[in-house]
Amino acid sequence: MKILFLDQSGQLGGAELCLIGLAKHYGNDCLVGLFAPGPFSQQLAAQQIPVEVLAAQPLNFQKQSGTLQAMKSLGQLWPLVQRVSRLSREYDCIYANTQKALVVGAIASRLSGKPLVYHLHDIISSEHFSRFGQQVIVTLANQAALVIANSLASQSAFIAAGGRAEITEVVYNGFDLAKYSAGEMAIAPPHSLKYDRLGAGDGFVVGHFSRLSPWKGQHVLIDALQHCPPQIKIVLVGSALFGEESYVQQLHTQIERLGLGDRVQFLGFRADIPAIMSACDLIAHTSTAAEPFGRVIVEGMLCDRPVVAAAAGGAVEIVRHSQTGWLTPPGDARKLAEIITTVYEQPERAKAIAQRGQQEAQKRFDLKTINPQIDTLLSAVVA
Ligand code: UDP
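Let us look at the structure shown here. If you're wondering where the values come from, they're calculated on a predicted model, not measured in any experiment. (Residues numbered from 1 in each chain as written. Predicted model: local features only at pLDDT ≥ 70, side-chain atom pairs only at ≥ 80, totals over all residues. Heavy atoms only, no water.)

Counting its secondary structure elements, the protein contains 15 helices and 13 strands. The C-alpha atoms of the protein give a radius of gyration of 21 Å, which matches the 21 Å a tight globule of 383 residues would have. For the protein, the spread of C-alpha atoms along the three principal axes comes to 65 × 40 × 40 Å. Across the protein, every contact between residues at least 6 apart in sequence was considered, and the portion connecting residues at least 24 apart equals 68%. Of the roughly 15,600 Å² of accessible surface on the protein, a fraction of 52% belongs to carbon and sulfur atoms. Between the averaged position of the 32 positive side-chain charges in the protein and that of its 32 negative side-chain charges there is a distance of 3 Å. (Helix = DSSP H or I, 4+ residues; strand = E, 2+ residues; numbered from the N terminus. Rg over C-alpha atoms; globule rule 2.2 N^0.38 Å. Contact = heavy atoms within 4.5 Å. Areas by Shrake-Rupley, 256 points an atom, 1.4 Å probe, with all protein chains shown as cover. Lys, Arg positive; Asp, Glu negative; His and termini not counted. Charge placed at Lys NZ, Arg CZ, Asp CG, Glu CD.)

Attention now moves to the sheet that holds strand β12 (residues 307-310). Backbone hydrogen bonds hold the strands of a sheet together, and the pairing may be parallel or antiparallel. Taking strand neighbours across the sheet as the criterion, the six strands line up as β10-β9-β8-β11-β12-β13 in an open arrangement whose pairing is parallel. On the outer flanks of this sheet lie β10 (264-268) and β13 (326-328), each paired with one strand and no other. Averaged over neighbouring strand pairs, the angle between their axes works out to 25° when direction is ignored. Relative to β10, strand β9 (residues 232-237) runs parallel, the two sharing four bridges. Bridge pairing links Val235 to Gln265 in β10. Along the sheet, helix α11 (residues 295-302) makes contact with β8 (204-209), β11 (282-284) and β12, crossing β12 at roughly 165°. (Pairing = 2+ DSSP bridges. Axes fitted to C-alpha atoms, helices over the stretch in contact; angles between N-to-C directions.)

Relative to the helices and strands, Thr168 is located in strand β7 (residues 168-170). Separated by 2.9 Å, the side chains of Thr168 and Gln155 make a polar contact. Polar side-chain contacts of Thr168 include one of 3.1 Å to the backbone oxygen of Ala165. (Polar contact = N/O pair within 3.5 Å; in protein donor to acceptor, adjacent residues only side chain to side chain.)

Across residues other than glycine, the phi torsion is negative in most instances, and most of the peptide bonds are trans. Even without being a glycine, Gln48 presents a positive backbone phi close to 60°. Unusually for a residue other than glycine, Asp304 sits at a positive phi of about 65°. Within the secondary structure, Asp304 sits in the loop between α11 and β12.

Here α11 crosses helix α14 (residues 347-364) at 115°, and the two axes come no closer than 7 Å. Of the possible angle classes, the one that applies to α11 and α14 is roughly perpendicular. Judged by the twist between their axes, the crossing of α11 over α14 is left-handed. Contact residues: Val298, Met301 and Leu302 in α11; Ala354, Gly357, Gln358, Ala361 and Gln362 in α14. Residues belonging to the contact of α11 with α14 are distributed by class as follows: five nonpolar, three polar and no charged. (Parallel < 35°, antiparallel > 145°, perpendicular 65-115°, else oblique. Left-handed = near helix turned anticlockwise from the far one by under 90°. Nonpolar A, V, L, I, M, F, W, Y, C, P; charged D, E, K, R; others polar.)

With that settled, the discussion passes to the site of the ligand. Around the ligand, the surrounding shell holds 15 residues, and the nearest of these are Arg211, Lys216, Arg270, Arg295 and Glu299. In this structure, an oxygen atom belonging to the ligand sits 3.3 Å away from a main-chain N or O atom of Gly14. At 3.3 Å, a backbone N or O of Val296 approaches an oxygen atom of the ligand. Here the ligand, which alone exposes 550 Å², has 90% of that area covered by the protein. Sorting the residues of the shell around the ligand by element identifies α1 (14-26) and α11 as the ones contributing at least two each. Counting residues per element, the shell around the ligand draws most heavily on α11, at three residues. (Near = heavy atom within 4 Å.)

By themselves, these observations are geometric and do not establish any function.
Encoded structure:
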């Protein structure tokens, strides 16, 4: 089976990291067609996954774009659609991994007659999309032979927005377990972790791993820090991937206002996530809107670290409260501070919960079982 994957991004977001794990499974039997150059295409090439940047320039409509902006970008779209349609004749199906890839893939699929698969990595709601954006996604996704939703939460939001239930299947993200379970790992040079679980005396490090974006809620964690014992520090890992630099500025202002400058470190985007997670005492996930899946939560569990996650969307499908991690109401800094303090004060309990979390995550999110699930679904589509 030969798959033409499409993804609009040059950046390494969760959807792109998920696609790497899947495309690797197909090797030379696939091509990943991107609409922008960047670290994602470099990463694919480094892993010997066939990749081609198909668009001359990035498409300029966004999740929140309205009808007018979408119409303006049609001229840009057409050459790309034609190219994808021509290319797809050499493949058994078109697999769209992002929304713009869905737009291009759906039209190309009409032209070439190749079946369309859409991997839904989003919660289709007004928190994330304009009304027009939601209508476009649902209408086009309904033409697909298969919609793979990354959680029950994203599946039900899709159906509530008018998506066809009978074409959707839920498949969680898979992870290469070997990358996460190697115990203490060396942090890639330059070693820039200011606070380190292994060397910080009675210090305690809470790690947050996500692009810097208002709905990822780094501000909630900073807010919580002022209510935690002074030994507790925060490491924020990730950068403003999609132009949200003003939020980064807001975070710095907030830290200064609260006098927390010596307790928060920004590390920027890192490729050595398992190593940094292993150097943290607790992994915090603080999204203020429902998380479609929440890769970082699973990664924290796989690293044998206690996790606390905001209880909405995919997060509640991953974590069992007080059993395999902790859940807090989204946006509730006081409650988050309470849980961070509990984990700090009860290391033995936290250790037992982390171990249970790791075992459960290893069972549920192993790439070795997730990839065959997707392969079976694709084989049915192609047949
Ligand atoms: N990530 C990374 N480097 C960073 C910050 C995050 O590689 O500096 C990874 C993180 O490990 C996770 C992904 O980015 O695999 C984010 O996925 P998630 O589902 O948590 O959120 P999304 O970006 O899809 O909204």
